[in-house]
Each structure stands twice: as structure tokens, then as C-alpha cells.
Amino acid sequence: MLDKKLLEILVCPVTKGPLIYDRERNELISLSARLAYPVRDDIPVMLEEEARELSAEEVEQYR
Amino acid sequence: MPDKETYRLPPHPVLRDYYPDEATRRRKVRALFDASGAHYDWINAVMSLRTGERYRREALERAGLGAGDRVVDVGCGTGVLAQKAMDIVGPEGRVLGVDPSPGMLAEAVRRGVPVVVGRGEALPLADGSADFLSMGYALRHVSDLMRTFTEYRRVLRPGGRLLLLEIAPPRSRLGHVLLRLYLKYLVPAITWLGTRNPQARLLMSYYWDTVEQCVPPERILQALRDAGFVEVRRHVLFGIFGEYTARRPQSETAET
């Protein structure tokens, strides 16, 4: 579980846009960068090179 | 305010003994830190003869950190500086450690420091979300000082304070030679004897090379001013330990 206060200040490191926390997949979603950042051992991994690219369908789902 | 200067300023040139280019540097340095995390505090304690923790706390206080502050500690590593910051800000404050190496962060978590994996050059934090930003002995490991300082300014609230701890070779020839002997040869040797970990030994040898090759303090001070910081100062202890302090202007027009 990610801390709520932490989620309030986290943004996408690439675009500085907002993030959506997908609890099911345990990922932080940046629609503006079309990237999903993993959360490993309860630690958000906010590195562009570790993020997964979102497909167009996924982007639509999160909208 | 005049346009902020934009230029690239790597903290040190490419060190070909260790890596051929910037992309490889990131990967290799991260791997070195990942492998050394479990040994790092021990090495640091030996290296600074156990005075390091008290010094860090005093440096934070000198820089104006107070109770209730929201702190970001970039390049937090095993969390030594972040933990000192937690002691000072107390329960009303908040400290977040940021570092690219999960191996180092595992130690910070053990200390009770909240952390995220990230880099100073691209902080995953909202504009103006920190009252105080610190970085202890990690400046040499970013890819570009200007990009990093611009990010620090963005994440600090107007009037927020910055503290960078960094060592520089002493100006005297003898001091330089002695520090080189100590950091380049003695510390890696002790590290090897104490940990039997080749990666940790290599990291400590690399440590000196980045110190020796680092851009001079004057360039770091200038880069801070160029990134839009005010009250930019450097306080030096024993001719080696530098404390850079600066503030984000209260209003963007009045103070520059």
C-alpha cells in the first residue's frame, strides 16, 4: 500500500503531469507520458527507463 | 527576472577507466551502488571516523532546517542524512528520500525513511512541494548540474532552502596528496578487507576519481545562481567538506 500523502506529491518525472494509482496492477499511470511506473516492495520506481509504455487501449481505459 | 541560463554542466568529465559514455555511466554507477548498499554505512563510518552523523545534523541546522519542514533528500542512499532531517523536522514535518539505487534504498527503508526510486535530474515531485531540499555527497553522480538545479528550484516552494554537502580536494598540494592517498588507496583497501566485496571496493576507488575530477566549487556556485537561486553560499570545513546553501527567491521578480 502506498502512503496517501506520498501520492499527493508524486508526479510523472518526465512530464510533471498527474499520476493515477492502479492498485490492481500496482502501477502509477502517467497518461501525459503514456507510461506506467512500477511499484516494487511498496517503493514507487519513478525512472523513465523502468516504466512500461501504455498501449492506446490502456490510455483510453484510464481516461 | 532575466531568462534563466540554460547550458549543460556535467559534474565531471567522462571517466574512461570506468565507463565509455553517459548511458553506460548511469547503469554502471547504479550497479555499483546496488551491490554496495549493505556495506555502505560501515564504509562511511570508517571513512569519516564516526564523526559524519553529527556533522550532517549540524549542517542541516546551519542551513535553516526546522521543525515541521517538508524535506526532500535527493541521492539519499542509505538514508543517513534523511534520518537526521527526520529528527529535526519532527512529527509535524515530512521527509522523503529519493535515489536511483534500490540496493541503497533498502538500507534507508530499514532506517524508517520513506523513499521513492528517482533521480535529481528528473524529480517525480510536484512544483513547490518542499520547504527544504538536501543532497549529501551525491552531486558528483548526476548527469548534468544545471538540469538538476533547475529541478531543485522547481520542487522547492518560493523561499525554500537548499543544502548540498560535497567534498572537494584541498587547495594545498600536500593536502591534495594526502586526501588522494587516503580516499584513492586506503579507503578502498579497508573496504576490501572489511567487506570482501569487489564492487564496494571499486565504488570507493571511483569515489575519489569523481571528487578529483569534479568541476570546481566556483562553477557549482555559478550554476546555482544561473538556475535562479539566491543567497548562494559555500561554507567549508577543514578545507574539504563543503556546504552549499541557497534559497529559491520569495518572488520571481523582486530578488534577482
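Read on for a plain summary of the structure. (Residues numbered from 1 in each chain as written. Chains lettered and ligands numbered in written order. Predicted model: local features only at pLDDT ≥ 70, side-chain atom pairs only at ≥ 80, totals over all residues. Heavy atoms only, no water.)

## Observations concerning helix α2 (residues 52–62) of chain B
Residues and elements named next belong to chain B.
Right, so step 1: The complete set of buried residues in α2 reads G52, Y55, R56, A59 and L60. Each buried residue of α2 lies within a common arc of 135 degrees when the element is viewed along its axis, so the set occupies one face.
Right, so step 2: Where α2 terminates, the next one or two residues include G64, which has phi positive at roughly 100 degrees. (Buried < 20%, exposed > 50% of the residue type's maximum accessible area, 1.4 Å probe, protein only. Helix = DSSP H or I, 4+ residues; strand = E, 2+ residues; numbered from the N terminus. Arc of directions from axis to C-beta.)

## Thoughts on the environment of B:G120
Residues and elements named next belong to chain B.
Right, so step 1: Positionally, G120 belongs in the loop between β3 (115–117) and β4 (130–136).
Right, so step 2: For the pair G120 and M135, spaced 15 residues apart in sequence, the C-alpha to C-alpha distance is 9.1 Å.
Right, so step 3: Look past the residues within four positions of G120 in its chain and what remains in contact with it is V74, T148, E151 and Y152. (Contact = heavy atoms within 4.5 Å.)

## Considering the interface of chain B and chain A
By convention, interface size is frequently given as the accessible area that disappears when the constituent parts associate.
Right, so step 1: At the junction of the two partners, chain B supplies 19 residues and chain A supplies 13 residues.
Right, so step 2: Interface area for chain B against chain A, summed over the two sides, is near 1300 Å², with a carbon-plus-sulfur share of 66%.
Right, so step 3: The largest share of the area that chain B buries against chain A comes from B:V116, B:V117 and B:P124, three residues that together contribute 34% of it.
Right, so step 4: Between the two partners, chain B and chain A, sit three salt bridges.
Right, so step 5: For the salt bridge of A:E50 with B:R30, the shortest nitrogen-to-oxygen distance reads 3.2 Å.
Right, so step 6: Counting every contact that joins chain B to chain A gives eight residue pairs in polar contact (both at pLDDT 80 or more).
Right, so step 7: Of all the secondary structure elements, the ones that give two or more residues to the side of chain B that touches chain A are α1 (22–47), β2 (94–99), β3 and α5 (145–155) of chain B.
Right, so step 8: The greatest single-element share of the side of chain B that touches chain A, amounting to three residues, is contributed by β3(B). (Buried area = accessible area lost by both parts, 1.4 Å probe. Salt bridge = Lys/Arg side-chain N within 4 Å of Asp/Glu carboxyl O. Polar contact = N/O pair within 3.5 Å; in protein donor to acceptor, adjacent residues only side chain to side chain.)

## A few points about helix α4 (residues 102–110) of chain B
Right, so step 1: Among the residues making up α4(B), those that are buried are B:M104, B:L105, B:E107 and B:A108. Each buried residue of α4(B) sits inside an arc of 155 degrees when the element is viewed along its axis, so together they form one side.

## A short note on the state of the cysteines
Residue and element names in this part refer to chain B.
Right, so step 1: Counted by the stated rule, this structure contains zero disulfides over all chains.
Right, so step 2: Distance from the sulfur of C214, which forms no disulfide, to the nearest cysteine sulfur (C76) is 20 Å.
Right, so step 3: For C214, a relative accessible area of 16% puts it in the buried group. (Disulfide = S-S within 2.5 Å.)

## Focus on the sheet that holds strand β5 (residues 156–167) of chain B
All names here are of chain B.
Right, so step 1: An order of β3-β2-β1-β4-β5-β7-β6 is seen for the seven strands of this open sheet, with the pairing classed as mixed. With partners counted over all chains shown, the strands left at the sheet margins are β3 and β6 (230–237), one partner each. Strand after strand, the sheet turns through a mean of 15 degrees between neighbouring axes, direction not considered.
Right, so step 2: The pairing of β5 with strand β7 (residues 241–247) spans seven bridges and is antiparallel. Bridging from a neighbouring strand, R161 pairs with R247 of β7.
Right, so step 3: Where helix α8 (residues 217–226) meets the sheet, it contacts β5, β6 and β7, and its direction lies at approximately 160 degrees from that of β6. (Pairing = 2+ DSSP bridges. Axes fitted to C-alpha atoms, helices over the stretch in contact; angles between N-to-C directions.)

## Focus on the pattern of salt bridges
All names here are of chain B.
Right, so step 1: Counted according to the given criterion, the structure contains 27 salt bridges over all chains.
Right, so step 2: Here D144 ties to R8 by a salt bridge, and the two come within 3.8 Å at their closest N and O atoms. Within this pair, whereas D144 is found in the loop between β4 and α5, its partner R8 is found in the segment before α1, the two being separated by 136 residues in sequence.
Right, so step 3: D144 gets classed as buried once you look at its relative accessible area, which sits at 3%.
Right, so step 4: Note that E212 and R180 form a salt bridge whose closest N and O atoms lie 3.1 Å from each other. With E212 in helix α7 (residues 198–213) and R180 in helix α6 (residues 173–195), this pair connects stretches of sequence that are 32 residues apart.

## Side note on the packing of α2(B) against helix α3 (residues 80–89) of chain B
All names here are of chain B.
Right, so step 1: Contact geometry for α2 and α3: axes closest at 9 Å, N-to-C directions at 55 degrees. With respect to α3, the element α2 is oriented oblique. The handedness of the crossing between α2 and α3 is right-handed. Residues E53, R56, R57, L60 and E61 of α2 form the contact with α3, whose participating residues are V80, L81, K84, A85, D87 and I88. (Parallel < 35°, antiparallel > 145°, perpendicular 65-115°, else oblique. Left-handed = near helix turned anticlockwise from the far one by under 90°.)

Geometry only, nothing functional implied.
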